[in-house]
Amino acid sequence: MLLVGLTGGIGAGKSTVSTILAEHGAVIVDADQIARDLQSPGSPVLDRMAERFGDQIIRSDGSLDRAAVAAVVFGDTPDAKQALADLNGIVHPAMQDEIKRQIEAQRHTDRIVVLDFPLLGENPRDDIAATIVVDIDPDVAVQRLVEFRGMDEADARNRIASQISREQRLERATHVVDNSGDEAALRREVDELWRQLVMLRGRVGRSRPDWLMPTLRRRRR
Ligand SMILES: CC(C)(COP(=O)(O)OP(=O)(O)OC[C@H]1O[C@@H](n2cnc3c(N)ncnc32)[C@H](O)[C@@H]1O)[C@@H](O)C(=O)NCCC(=O)NCCS
Ligand SMILES: Nc1ncnc2c1ncn2[C@@H]1O[C@H](COP(=O)(O)OP(=O)(O)OP(=O)(O)O)[C@@H](O)[C@H]1O
């Protein structure tokens, strides 16, 4: 397995990049999706969220009212910062456990595993062979979120403000995918990225033959 991280600010194009990488054969570990799955009706994570934020965040069918939580944790109020920290404290430990489980399931394969994690910059990991940043001017990201995803502009801007800056994210990048062009240009960028990841897998594979380790360990006994 070659494990790499994929990140970017909200609306940068991570999901679009993940989809193209998956077409090339990557295994995607999708942190946003894992967080959503953990918040399913009746789950322990959802119960703890209701204890912290009140029963009004649960809809009559038992599902999470995502907009209601977003309004509290990304809102323009003095309490928003603490509320976001509390939400992260509830969701992130379980999310990290599930991320770990999905990565471990691939450990002894030769797959390129892409951890798609919007908050990788805020939560750096030392087990990834590359940090891929999908880069976009935040104003363009907001424009796309409003135009194509019908997102409220103030919500998008507040989320950007709650994340690390574009510059801080780029400082940690080993690979940058420029998404300032159209989708065809993005595809060309990702095709080139895939070529580089395959080369990296070859190099890392030769220097750290993880798949041999169990055999070596057995022989030493
Ligand atoms: C607040 C919630 C309910 C809003 O749900 P909503 O459907 O509107 O957004 P969604 O989950 O699809 O996230 C969209 C984007 O918002 C941004 N975002 C979400 N959570 C956070 C966070 N805790 N900190 C900073 N940005 C965040 C990310 O860029 C993410 O890609 C939800 O985002 C949530 O529960 N967040 C906590 C879990 C988390 O950290 N998820 C993001 C990282 S995996
Ligand atoms: N190069 C592009 N040109 C035009 N639209 C694009 C381009 N790249 C992505 N988009 C569109 O912009 C929006 C945001 O992209 P995407 O959903 O891939 O971003 P994301 O980083 O995964 O977002 P989030 O942070 O919400 O998870 C989507 O509607 C997507 O179709």
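Treat the numbers as computed from the prediction; the structure is a model and nothing was measured. (Residues numbered from 1 in each chain as written. Chains lettered and ligands numbered in written order. Predicted model: local features only at pLDDT ≥ 70, side-chain atom pairs only at ≥ 80, totals over all residues. Heavy atoms only, no water.)

Caption draft 1: The environment of Arg166, seen in detail. In this structure, Arg166 sits in helix H8 (residues 166-171). The spacing of Arg166 and Val134 is 32 residues in sequence and 10.0 Å in space, taken between C-alpha atoms. When residues no more than four places from it in sequence are discounted, the contact partners of Arg166 are Asp135, Ile136, Asp137 and Pro138. (Helix = DSSP H or I, 4+ residues; strand = E, 2+ residues; numbered from the N terminus. Contact = heavy atoms within 4.5 Å.)

Caption draft 2: Broad picture of the site of ligand 1. Within the structure, ligand 1 sits among 18 residues, and Gln39, Arg66, Asn88, His92 and Arg159 are positioned closest to it. The side chain of Arg159 places a nitrogen or oxygen atom 2.8 Å from an oxygen atom of ligand 1. Between Gln163 and ligand 1, the recorded distance is 2.9 Å, taken from a side-chain N or O atom to an oxygen atom. For ligand 1, the accessible surface in isolation is 750 Å², of which the surrounding protein chains cover 90%. (Near = heavy atom within 4 Å. Polar contact = N/O pair within 3.5 Å; in protein donor to acceptor, adjacent residues only side chain to side chain. Areas by Shrake-Rupley, 256 points an atom, 1.4 Å probe, with all protein chains shown as cover.)

Caption draft 3: Just the pattern of salt bridges, in detail. If you walk through the whole model with that rule in mind, you get eleven salt bridges. A salt bridge links Asp65 to Arg59, with the nearest nitrogen and oxygen atoms 3.7 Å apart. Residues Arg195 and Glu192 are paired through a salt bridge, measuring 2.9 Å at the closest nitrogen-oxygen approach. With Arg195 and Glu192 both in helix H9 (residues 183-207) and three residues apart, this pair spans about one turn of that helix. According to the relative accessible area criterion, Arg195 is partly exposed, its value standing at 47%. (Salt bridge = Lys/Arg side-chain N within 4 Å of Asp/Glu carboxyl O. Buried < 20%, exposed > 50% of the residue type's maximum accessible area, 1.4 Å probe, protein only.)

Caption draft 4: A look at the site of ligand 2. In the vicinity of ligand 2 lie 16 residues, with Lys14, Ser15, Thr16, Arg149 and Asn179 positioned nearest. One of the side-chain nitrogen or oxygen atoms of Ser15 is found 2.6 Å away from an oxygen atom of ligand 2. One nitrogen or oxygen atom from the side chain of Arg144 is found 3.5 Å from a nitrogen atom belonging to ligand 2. Out of a free accessible area of 630 Å², ligand 2 has 85% covered by protein chains. Cavity membership is defined here by more than half of the atoms lying within 2 Å of grid points; on that basis ligand 2 lies in the largest pocket. Elements represented by at least two residues in the shell around ligand 2 include exactly helix H1 (14-24) and helix H6 (138-149). Across the shell around ligand 2, the residue classes tally to three nonpolar, seven polar and six charged. (1 Å grid on protein atoms, 1.4 Å probe; cavity = no way out; pocket = protein on both sides within 12 Å on 5 of 7 lines; lining within 4 Å. Sits in = over half its atoms within 2 Å of the grid points. Nonpolar A, V, L, I, M, F, W, Y, C, P; charged D, E, K, R; others polar.)

Caption draft 5: Structural view of the layout of surface pockets. One number sums up the size of the largest pocket: a volume of about 1500 Å³. In terms of lining residues, the largest pocket is bounded by 49 residues, among which Ile10, Asp32, Arg36, Arg149 and Arg159 are the most central. Every element with two or more residues in the lining of the largest pocket is listed here: H1, helix H2 (31-38), helix H4 (66-73), helix H5 (80-104), H6, helix H7 (153-162) and H9. In terms of residue count, H5 provides more of the lining of the largest pocket than any other element does, six residues in total. Classifying every residue of the lining of the largest pocket gives 23 nonpolar, 13 polar and 13 charged. (Points joined across faces, edges and corners; volume = space filled by probe spheres on them.)

Caption draft 6: Fine view of the UniProt feature "binding site: ATP" (unreviewed entry) in the protein chain. Here the UniProt-annotated "binding site: ATP" (unreviewed entry) positions come out as Gly11, Ala12, Gly13, Lys14, Ser15 and Thr16. Residues that both appear in the annotated list above and line the largest pocket are Gly11, Ala12, Gly13, Lys14, Ser15 and Thr16. Checked against the element boundaries, Gly11 lands in the loop between strand S1 (2-7) and H1. Among residues more than four places away in sequence, those in contact with Gly11 are Ala141 and Leu145. Relative to the helices and strands, Ser15 is located in helix H1. (UniProt positions renumbered as here; feature names shortened; annotations may be inferred.)

Caption draft 7: Highlighting the sheet that holds strand S3 (residues 112-116). Here five strands make up an open sheet; going across it, the order is S2-S3-S1-S4-S5 and the pairing parallel. Single-partner strands in this sheet number two, and they are strand S2 (27-30) and strand S5 (175-178). Ignoring which end each strand starts from, the neighbouring axes of this sheet average 25° apart. As paired strands, strand S4 (residues 131-135) and S5 are joined by four bridges and run parallel to one another. Residue pairing in the sheet places Ile132 in a bridge with His175 of S5. (Pairing = 2+ DSSP bridges. Axes fitted to C-alpha atoms, helices over the stretch in contact; angles between N-to-C directions.)

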